[in-house]
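These are the residues of each chain, in order.
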Amino acid sequence: MAKVIIIGAGGVGGVVAHKCAQLPEVFSDILLASRTEAKCKAIAEQIGRPIRTAQVDADNVAELTALLEKEQPELVINVALPYQDLSIMDACLNAGVNYLDTANYEPPDTARFEYHWQWAYRERFEQAGLTALLGSGFDPGATNMFTAYLAKHYFDEIEELDIIDVNGGDHGYPFATNFNPEINIREVSAECRHWEGGQFVTTPPMSKMARFECPDEVGSYNIYRMYHEELESLAKHFPSLKRAQFWMSFGDSYLKHLEVLGNVGMTGIEPVEYNGVEVVPIQFLAKLLPDPSTLGPRTKGKTCIGCIVRGRKDGQEKVMYLYNICDHEACYAEVQSQAISYTTGVPAMIGAKMILEGHWKRPGVWNMEQCDPDPFMADMNQYGLSWQVVELDPGFRLDVRKGAEL
Ligand code: NDP
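Residues numbered from 1 in each chain as written. Predicted model: local features only at pLDDT ≥ 70, side-chain atom pairs only at ≥ 80, totals over all residues. Heavy atoms only, no water.

To describe a pair of aromatic rings, you give the distance between the ring centres and the angle between the ring planes. All told, the structure shown has 12 aromatic pairs when counted by the stated rule. Here the aromatic rings of Tyr115 and Trp119 are separated by 5.3 Å at their centres, their planes lie at 20°, and the arrangement is stacked. Centre to centre, the rings of Phe212 and Tyr321 are 6.0 Å apart; their planes meet at 90°, and the pair counts as edge-to-face. Remark: Tyr321 occurs in strand E16 (residues 316-327) and Phe212 occurs in strand E10 (residues 209-214); sequence separation between them is 109 residues. Both residues of the pair, Phe212 and Tyr321, belong to the buried class. A connected cluster of aromatic rings, assembled from ring pairs, spans Phe175, Tyr224, Phe250 and Tyr254. Across from the ring centre of Tyr173, 3.7 Å away, lies the NZ or CZ of Arg298, which sits over that ring. (Phe/Tyr/Trp six-rings, centres within 6.5 Å; stacked < 30°, edge-to-face > 60°. Helix = DSSP H or I, 4+ residues; strand = E, 2+ residues; numbered from the N terminus. Buried < 20%, exposed > 50% of the residue type's maximum accessible area, 1.4 Å probe, protein only. Lys NZ or Arg CZ within 6 Å of the ring centre and 35° of its normal.)

Here it is, written out as structure tokens:
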């Protein structure tokens, strides 16, 4: 039984609050805190069990430290934005609280998703006897676990990894993002980096595309290779990997809008002066787009996210595919949110449970794949994200349609 503070009351924060509230034997006292307390209260009203709310600016280390010292929670679940990761880690160190997030730190002025800023906290968390768990969402998060689970149970050595994230959902808007628009667009418009032959190789955004047939009649989709943050930690923690790539599905309408918005400068992150006011184009664009937390009631279809791993077992080449399929409408019926927030929020709750129950309680700063995947994977099946594992033919290759080189 433990007290937790959830920071951030967006799409993901709502799901984490719902899922933690479903387990009072683990999360006995829940405080949902965010910049806008009204959003916390609106989520609290949806939940059958009383949860408390608070206003906090997580960029302000002193203000957050004071809240943590007053409340003395066991753990902070950070589902605010990646910009707040370091200030929340600082406040956790000040107040002696364990830490978990779902996305790595990103400086507001450069679109770079890198772990080194947070890995640099390792000694301080070790010395304080506190656990910090990084990237406990779906990707990163469940995908790190899928890779670790396959490596542990099916292979002697893993050599190639393809993480494939398909969202077959339709919200009916010509252009909207499924999670925070600013973070989403920064991620998608960044240059692609993938792991190949012991180094990261850079290619232009969206320059490699394949056609992927999802299992269980989810459908066939165009998937584009892009950089995603779990590649950095997985390449480091599985040194036998010769290649690791991340792929995401995008519809033609989404890509066309993004191309036009990029061409006219609307996705820029540098401030522009307009009528004496400094405007960051991507932030203005985010203001105009539908709020991701309102997409739930409109979204139909399924997500299919998984890992294809090639490696060796007893000298034989082998290919395994581990995946989860999640239905947008079923998620909405359960927690009033679409599947993107759901697939992020459930692993955040499970990661928190792993720390609070002691399975993953170790001083230091950890990526998911450094922890034992078994209790996490068992909880995925129990708490709404059941998964399947299948063996593919060793001759299996992704059906690359564009950018065959590298
Ligand atoms: P939203 O934009 O919907 O919500 C973010 C919340 O954080 C809002 O409630 C916002 O407050 C709050 N917030 C922002 N700044 C501060 C601050 N300084 N102090 C306190 N609260 C603040 O985002 P999502 O819910 O879609 O995403 C949440 C996180 O989850 C992001 O870090 C995102 O990158 C990550 N994510 C991870 C995924 C994964 O699979 N690993 C997938 C999807 C998302 P306000 O309401 O006032 O704006």
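On to the site of the ligand, then. In the vicinity of the ligand there are 28 residues, among which Arg35, Thr36, Lys39, Ala58 and Asn180 approach most closely. Asp59 places a side-chain nitrogen or oxygen 3.2 Å from a nitrogen atom of the ligand. One nitrogen or oxygen atom from the side chain of Gln84 is found 3.4 Å from a nitrogen atom belonging to the ligand. Alone, the ligand offers 930 Å² of accessible surface; in the complex the protein occludes 92% of this. Residue composition of the shell around the ligand, grouped by class: 13 nonpolar, 10 polar and five charged. (Near = heavy atom within 4 Å. Polar contact = N/O pair within 3.5 Å; in protein donor to acceptor, adjacent residues only side chain to side chain. Areas by Shrake-Rupley, 256 points an atom, 1.4 Å probe, with all protein chains shown as cover. Nonpolar A, V, L, I, M, F, W, Y, C, P; charged D, E, K, R; others polar.)

Attention shifts here to empty space enclosed by the protein. One water molecule sets the probe size; rolling that probe over the atoms shows where empty space is left. For the coordinates displayed, the defined rule picks out one cavity of 30 Å³ or more. Size it by volume and the largest cavity reaches roughly 30 Å³. What lines the largest cavity is Phe113, Glu187, Ala190, Glu191 and Tyr227. Per-class residue counts for the lining of the largest cavity are three nonpolar, no polar and two charged. (1 Å grid on protein atoms, 1.4 Å probe; cavity = no way out; pocket = protein on both sides within 12 Å on 5 of 7 lines; lining within 4 Å. Points joined across faces, edges and corners; volume = space filled by probe spheres on them.)

What follows deals with the domain arrangement of the protein. Accessible area lost on assembly of the parts is the figure often given for the size of an interface. Parsing the protein into structural domains produces domain 1 (2-138 + 338-382) and domain 2 (142-337 + 387-402). Just the C-alpha atoms count here: the centres of domain 1 and domain 2 sit 22 Å apart. Across the boundary between the two partners, domain 1 contributes 44 residues, which contact 46 residues of domain 2. Taken together, the two surfaces of domain 1 and domain 2 that pack against each other cover about 3900 Å², and 60% of this comes from carbon and sulfur. Between Glu106 and Arg186 there is a salt bridge, and its shortest N-O distance comes to 2.5 Å. Linking domain 1 with domain 2 are 23 residue pairs in polar contact (both at pLDDT 80 or more), by the criterion used here. Among the elements that line the side of domain 1 that touches domain 2, the one with the most residues is helix H14 (residues 373-382), at six residues. (Domains from an automatic or database assignment. Contact = heavy atoms within 4.5 Å. Buried area = accessible area lost by both parts, 1.4 Å probe. Salt bridge = Lys/Arg side-chain N within 4 Å of Asp/Glu carboxyl O.)

Time to look at the nonpolar core. Nonpolar side chains in soluble globular proteins tend to end up buried together. Residues Phe27, Phe146, Phe250, Phe376 and Met380 are the most contacted members of the largest nonpolar core, which totals 90 residues. Of all the elements, helix H13 (residues 339-356) adds the most residues to this core, at nine residues. Viewed by domain, this core spans two of them, domain 1 (2-138 + 338-382) and domain 2 (142-337 + 387-402), each represented by three or more residues. The residues contacting Phe250, other than those within four sequence positions of it, are Val188, Met206, Asn222, Tyr224, Met226 and Leu255. By size, the runner-up hydrophobic cluster in this structure holds 27 residues, among which are Ile5, Leu31, Ala58 and Val365. (Core = buried A, V, L, I, M, F, W, Y, C linked by side-chain atoms within 4.5 Å.)

Within the secondary structure, Asp101 sits in strand E5 (residues 98-101). Although Asp101 lies buried, it forms no salt bridge, and the closest oppositely charged side chain, Arg124, sits 13 Å away as judged by the N-O distance. Among the polar contacts listed, one links the side chain of Asp101 to the side chain of Tyr99, at a separation of 2.7 Å. For Asp101, the side chain forms a polar contact with the main-chain nitrogen of Gly135, separated by 2.8 Å. Those residues in contact with Asp101 that lie beyond four places of it in its chain are Asn78, Asp85, Gln118, Leu133, Leu134, Gly135 and Ser136. (Lys, Arg positive; Asp, Glu negative; His and termini not counted.)

Before going further, it helps to examine the UniProt feature "domain: Saccharopine dehydrogenase-like C-terminal" (unreviewed entry) in the protein. In the numbering used here, UniProt assigns the "domain: Saccharopine dehydrogenase-like C-terminal" (unreviewed entry) feature to residues 137-385. In the segment residues 137-385, helix accounts for 35% and strand for 31%; the C-alpha atoms at its two ends are 12 Å apart. (UniProt positions renumbered as here; feature names shortened; annotations may be inferred.)

This paragraph deals with the sheet that holds strand E17 (residues 364-367). Taken together, seven strands build an open sheet; the order of strands is E3-E2-E1-E4-E5-E6-E17 and the sheet is parallel. For this open sheet the edge positions go to strand E3 (52-55) and E17, each flanked by a neighbour on one side alone. Sheet twist, expressed as the average angle between the axes of neighbouring strands with direction ignored, equals 20°. Two strands pair when backbone bridges link them, and strand E6 (residues 131-134) and E17 are joined in this way by four bridges, in the parallel orientation. The partner of Leu134 across the bridge, within E17, is Asn367. Packed onto the sheet, helix H1 (residues 11-21) meets strand E1 (2-7), strand E2 (27-34) and strand E4 (75-78) and runs at close to 165° relative to E2. Lying on the sheet, helix H3 (residues 61-71) is in contact with E1, E2, E3 and E4; it crosses E1 at an angle near 160°. (Pairing = 2+ DSSP bridges. Axes fitted to C-alpha atoms, helices over the stretch in contact; angles between N-to-C directions.)

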